[in-house]
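So you can see what is in the structure, the chains are spelled out below.
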Amino acid sequence: MNRVEKIVVAGQSDGLVAAIVRTLIKQGHPASHVVAATPAELDFTNQLAVRQFFEEEQPQQFYMAAARIGVLRARGGYSPDVVYDYLMVQANAIHAAFRCGVKKLLFLGSSFGPPRQVSQPLAPDTLFTRLLDPPPEPYTAVRGAGIKLCESYNRQYGQSHGVDYRSVVPTLLYDPLNPLHPEHSALVFALVRRFHEARLQRQAGVGFGCSGAERLELLHVDDLARACVFVMNLPRPAHDACTGPLQSHINVGHGRDISLAELASTVASVVGYQGEIWFEHGPATGNTRKPLDSARLRALGWSPKVSLQDGLLVAYKNHLARWA
């Protein structure tokens, strides 16, 4: 890794952008050579503004962080204007990076709406092979379009211009420092708050209106950040050996999924709640399981470092600080 290179980390996800920046600096990049760009600093739907930003910064590497599913919901679900905005965000950023000579780029896709009726865990080559799961299929398709755009630049300009644009597809994320970021932080913090209040109020039990059998694969945002930097800096032969021209993305998962009941129990333990936890009887609803097959990334040498227990403890401490 050339630590004098200029690096831009951009996207709609403030917490993920910050995590990647922290990782880069921790690994030896001078803070002055790492530029973060979030919607507060740059309107990614404005093609001219994005182009001018890249012309001014002249980075050698570019990380394009994914958008939050929570933002889509907050702005009206999957309406045409929202889908259009996110198409423009990633198209403008990737195209501007290419036009300004960026050779190394990492794009983050999404596993939020997996294909229907596929084997578990989800292998990388299943992403584009079947109908996507509604209702989030517009979001998933948008993120898939970004992966395909990167692949197109590689095929057209890989040899002639030295373009090396890579993609990763992360599992569900949580950020202990931010209750609204990324996709499942809201759930994590809702559980933390619920059990914290139950402990303070000395409630005998906490109930949930679901079966508890639904399963989640949660990944700490810092682990994803490390995976992004790891994949970006893989030697080209190692990267190409586990990907293909039309299947270029690499899955990033924790490697183990847990039930909602297990997650609730873990949160209760971290918070110190000792009452009863119960779930409504009946079958699980929706997709009950969708872990990612991230064996390729593990074989290359990456593995997650933050345990769920440790991540939840930080989330709880952060929540206590917010309530103080």
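Within each chain, residues carry numbers counting from 1 in the order of the written sequence. Owing to the predicted nature of the model, reporting of local features is limited to residues with pLDDT of at least 70; listing and counting of side-chain atom pairs is limited to 80 or more, with chain, interface and lining totals taken over all residues. The basis for every side-chain value is the complete set of non-hydrogen atoms in the structure, without hydrogens or water.

**Concerning the nonpolar core**
In step 1: Each nonpolar core is a collection of buried residues, namely Ala, Val, Leu, Ile, Met, Phe, Trp, Tyr and Cys, held together in the definition by side-chain atoms within 4.5 Å. Per-residue accessibility, obtained with a 1.4 Å probe over protein chains only, is compared with the maximum for each type, and a residue is labelled buried under 20%, exposed over 50%, and partly exposed between these values. Ranked by size, the top nonpolar core spans 29 residues in total, and within it Val-9, Ile-20, Leu-24, Tyr-63, Leu-224, Cys-228 and Val-252 carry the most contacts.
In step 2: Secondary structure elements follow DSSP: runs of H or I of four or more residues count as helices, runs of E of two or more count as strands, with numbering from the N terminus. For this core, the element with the highest residue contribution is helix α7 (residues 221–232), accounting for 8 residues.
In step 3: When checking whether two residues touch, look at their non-hydrogen atoms; a contact exists if any pair is within 4.5 Å. With residues near it in sequence (within four places) discarded, Val-252 still touches Val-168, Val-169, Pro-170, Thr-171, Leu-219, Leu-224, Ala-227, Leu-292, Ser-294, Leu-297 and Trp-302.

**Quick notes on the sheet that holds strand β2 (residues 34–37)**
In step 1: We treat two strands as partners when DSSP finds at least two bridges between them. Strand order in the open sheet made by the 6 strands is β2-β1-β3-β4-β5-β10, with parallel pairing throughout. Only two strands of the sheet have a single partner each, and these edge strands are β2 and β10 (249–252). Each neighbouring strand pair of the sheet contributes to a mean axis angle of 20°, computed without reference to strand direction.
In step 2: Bridge count for strand β4 (residues 104–108) against strand β5 (residues 164–170) is 5 bridges, and the pairing is parallel. Pairing of Leu-105 across the sheet is with Tyr-165, part of β5. For helices, the fitted line uses only the C-alpha atoms of the stretch in contact; every axis is such a line through C-alpha atoms, and the angle between N-to-C directions lies from 0 to 180 degrees.

**Describing unusual backbone geometry**
In step 1: Of note, the phi angle at Gln-58 is positive, near 50°, even though the residue is not glycine.
In step 2: Turning to its location among the elements, Gln-58 is positioned in the loop between α2 (47–57) and β3 (61–65).
In step 3: For Gln-58, a relative accessible area of 39% gives the class partly exposed.

**Here we look at the environment of Phe-62**
In step 1: Here Phe-62 lies in strand β3.
In step 2: In contact with Phe-62, not counting residues within four places along its chain, are Val-8, Ala-10, Phe-54, Ala-93, Ala-97, Val-102, Lys-104, Leu-105, Leu-106 and Met-232.

**A closer look at helix α4 (residues 80–99)**
In step 1: Taking 1.5 Å as the rise per residue, α4 with 20 residues should run 28 Å; its terminal C-alpha atoms sit 28 Å apart, in good agreement.
In step 2: Burial in α4 covers these residues: Val-82, Asp-85, Tyr-86, Val-89, Gln-90, Asn-92, Ala-93, Ile-94, Ala-96, Ala-97 and Phe-98.
In step 3: One or two positions beyond α4, positive phi appears at Gly-101, with a value near 85°. Expected helix span is taken as 1.5 Å per residue step, with the number of steps being one fewer than the number of residues.

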